[in-house]
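Each chain, letter by letter, is given below.
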Amino acid sequence: MSQSVESKDAEVPQGKLLQELLKKFSDADDAKEIQESFRAICNETGEGKDGDKPYKVLSQKTDFHRAQNLRKAFDSKFNSKDYKKDGREACKNKQVLVVGAGPCGLRAAIELAFLGFRVVVVEKRNTFSRNSVLQVWTFLVDDLKSLGFRELYPKFGLSDRNHVSIRRLQIVLMKIALLLGVDVQLGVEFETVEEPGDKDKGWRARLKPANHPTSKFDFEVLIVANGQQNIQLTDLGFSWTKIERKLAIAIAANFQNKNKKEDFDQEDMGGVSIMNKMEIFTELKAKKDVDIENLVYLRDETHYFVMTGKKENLLKRGVLREDTGKKSLLNKDNIDREKLKQLAKDVASHCTKEKIDLKFSEWANGEADVAMFEFTSRSHANEAAIVKEAKNNKKLLMGLVGDSLKQPFWPEGVGIAHGIFSVYDTAWMVYEWFSGKVTEEEVIENRKTTYNCLRAMTKESLSTIREYGIDPKKRYAEYRAIQSPKVVDIPSTSKVE
Ligand code: FAD
């Protein structure tokens, strides 16, 4: 784990050196780089007193404004009403494993760290490479700002352009998580949970690589944020309901943003459809022979486009080689990638008024960042939380968050907002579980209620949210109604003593 500290010039005072290391950490642009620059900071600061969080130790050793501003943001979160609840003491140092360092897994890890839990995140990938851009709701912009997001990514939320790429969200959330003492392990794949073998042991995870030190981590809570609804989770006891819809094909593409004047001059299209901007679609068809239905264009770190294509047009243009039927239509060998690239370029050049020299961004394997996927079916978990009990009576509370709980319908742009709400709800459930204020059955019952409330939330109701935070009473009127003290009717025949 430990890595050698950068050679320290004896003349350089520690504060100055830490300032440089913190700058390197803030500028780090990929997961591995973040991990390494964070280790360099920790090696320099050493351990804090009484298990002080890394950000606190850091801010005691340098007066660099970034360290101080982050401390202010984190301290104010720790001291806010949401986290200063009765029963929080009981959460202290209880161990939680989070599967997946996507936006929801990292956000959950942060929330649980604020509640005092000891959190380890395992992420199977080593890099964050998803350039796709998410539109974020006002509450989420505020939420991220309150976490010191802008200290680590000053461009965020500067104008009315409230969007951020998935990789940037992961990069900044990972930095925040580390500063709060969360242990993020990259290149580690979760396989399943293992029941404790003997009396004193806790629940553990079977991981790949099998001998990874985290496989010795005992935990009482498992948060699954792997973005999928797969076989591993069925093994844990989760199940999903799938709703089939008519065939829908999405195409997402990212082009380089060189930050030149012509790049800046482009205007976002935050979600247009035939219903609200017919002329764009008519022009695209007439001038470029592209027939699409919905379109989003966001200028962020890349020029990001996502659209829904029509099967007939994709066949006509040769993007799809053959009409092989719903199941195999988007198989790799049925897609002509050169023609797919041309289609994406045609749409992008039209939307940017032919002003940009369009070059695709690249994936880690060097391929052009353009993909086609179908979102014909959508599914949601039948249960948001499950409790397992081992033979030695040790209980394991498991919860799903983000896309593994509920697959989003991307044109609505509610995916990440719903994902973050599921994080708050799950954090609340974990807090309740340990707080001793309600029974275990009530905890699971309450989680069912919050899940129902979330599933009933539409784009419209989401945009009316003014207050947010882990307490569901803040966000769901239905939950408030259920939880408010009940008026008990006394039958008129009752004998009043
Ligand atoms: P993910 O982002 O999928 O992260 C899961 C993580 O878990 C990954 O890093 C993965 O590597 C890791 N993992 C998986 N399995 C394992 C394992 N076994 N062990 C360890 N790690 C594992 N949402 C919006 O709100 N607004 C939008 O405008 C929007 N646009 C979108 C456009 C497109 C084209 C797409 C595809 C999605 C869009 N979404 C949008 C949805 C949004 O991207 C997702 O809701 C969000 O990324 C979900 O986050 P997550 O953390 O749940 O899952």
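Rules used in this analysis
- Residues numbered from 1 in each chain as written.
- Predicted model: local features only at pLDDT ≥ 70, side-chain atom pairs only at ≥ 80, totals over all residues.
- Heavy atoms only, no water.
- Helix = DSSP H or I, 4+ residues; strand = E, 2+ residues; numbered from the N terminus.
- Rg over C-alpha atoms; globule rule 2.2 N^0.38 Å.
- Buried < 20%, exposed > 50% of the residue type's maximum accessible area, 1.4 Å probe, protein only.
- Areas by Shrake-Rupley, 256 points an atom, 1.4 Å probe, with all protein chains shown as cover.
- Lys, Arg positive; Asp, Glu negative; His and termini not counted.
- Charge placed at Lys NZ, Arg CZ, Asp CG, Glu CD.
- Pairing = 2+ DSSP bridges.
- Axes fitted to C-alpha atoms, helices over the stretch in contact; angles between N-to-C directions.
- Contact = heavy atoms within 4.5 Å.
- Near = heavy atom within 4 Å.
- Polar contact = N/O pair within 3.5 Å; in protein donor to acceptor, adjacent residues only side chain to side chain.
- Nonpolar A, V, L, I, M, F, W, Y, C, P; charged D, E, K, R; others polar.

As for the overall build of the protein
Part 1 of the reasoning: Looking only at helices and strands, the protein features 18 helices and 17 strands.
Part 2 of the reasoning: A globule of 497 residues ought to have a C-alpha radius of gyration of about 23 Å, and the protein, at 25 Å, matches this closely.
Part 3 of the reasoning: A principal-axis box enclosing the C-alpha atoms of the protein has dimensions of 85 × 75 × 45 Å.
Part 4 of the reasoning: Within the protein, the proportion of its 497 residues that are buried is 51%.
Part 5 of the reasoning: Of the accessible surface of the protein, which amounts to about 23900 Å², a share of 48% is contributed by carbon and sulfur atoms.
Part 6 of the reasoning: On the protein, the mean spot of the 82 positive side-chain charges and the mean spot of the 76 negative ones are 1 Å from each other.

Observations regarding the sheet that holds strand β12 (residues 292–299)
Part 1 of the reasoning: Spatially, the five strands line up as an open sheet ordered β11-β12-β13-β10-β14, and their pairing is antiparallel. Two strands bound the open sheet, and with one partner strand each, they are β11 (269–273) and β14 (370–374). For this sheet the average axis-to-axis angle between neighbouring strands, irrespective of direction, equals 15 degrees.
Part 2 of the reasoning: Bridge count between strand β10 (residues 249–256) and β14: five bridges; the pairing is antiparallel. Across the sheet, residue Ala-252 finds its bridge partner in β14, namely Ala-371.
Part 3 of the reasoning: Relative to β12, helix α11 (residues 278–288) is tilted by about 105 degrees, and along the sheet it contacts β11 and β12.

A word on the environment of Lys-72
Part 1 of the reasoning: Within the secondary structure layout, Lys-72 lies in helix α4 (residues 65–78).
Part 2 of the reasoning: It is 9.9 Å that separates the C-alpha atoms of Lys-72 and Ser-146, two residues lying 74 residues apart in sequence.

Focus: the site of the ligand
Part 1 of the reasoning: Taken together, 34 residues lie around the ligand, and Glu-123, Arg-125, Arg-130, Asp-403 and Ile-416 are the ones closest in.
Part 2 of the reasoning: In this structure, an oxygen atom belonging to the ligand sits 2.9 Å away from a main-chain N or O atom of Cys-104.
Part 3 of the reasoning: A distance of 2.9 Å is found between an oxygen atom of the ligand and a side-chain nitrogen or oxygen belonging to Arg-130.
Part 4 of the reasoning: When the ligand sits alone it has 1000 Å² of accessible area, and the protein chains cover 92% of it.
Part 5 of the reasoning: A breakdown of the residues in the shell around the ligand according to their chemical character gives 16 nonpolar, twelve polar and six charged.

Section: the side chain of Ser-435
Part 1 of the reasoning: Here Ser-435 is to be found in helix α14 (residues 415–435).
Part 2 of the reasoning: On the basis of relative accessible area, Ser-435 is assigned to the buried category, the value being 13%.
Part 3 of the reasoning: Among the polar contacts made by the side chain of Ser-435, one reaches the main-chain carbonyl oxygen of Glu-432 at a distance of 3.0 Å.
Part 4 of the reasoning: Among the polar contacts made by the side chain of Ser-435, one reaches the main-chain amide nitrogen of Lys-437 at a distance of 3.2 Å.
Part 5 of the reasoning: Once residues lying within four places of it in the same chain are set aside, the contact partners of Ser-435 are Asp-86 and Gly-87.

Side note on helix α6 (residues 138–146)
Part 1 of the reasoning: Taken together, the buried positions of α6 are Phe-139, Leu-140, Val-141, Asp-143 and Leu-144.
Part 2 of the reasoning: Of the residues one or two after α6, Gly-148 is the one with positive phi, at around 80 degrees.

It is worth stressing that arrangement in space is one thing and function is another; only the former is reported here.
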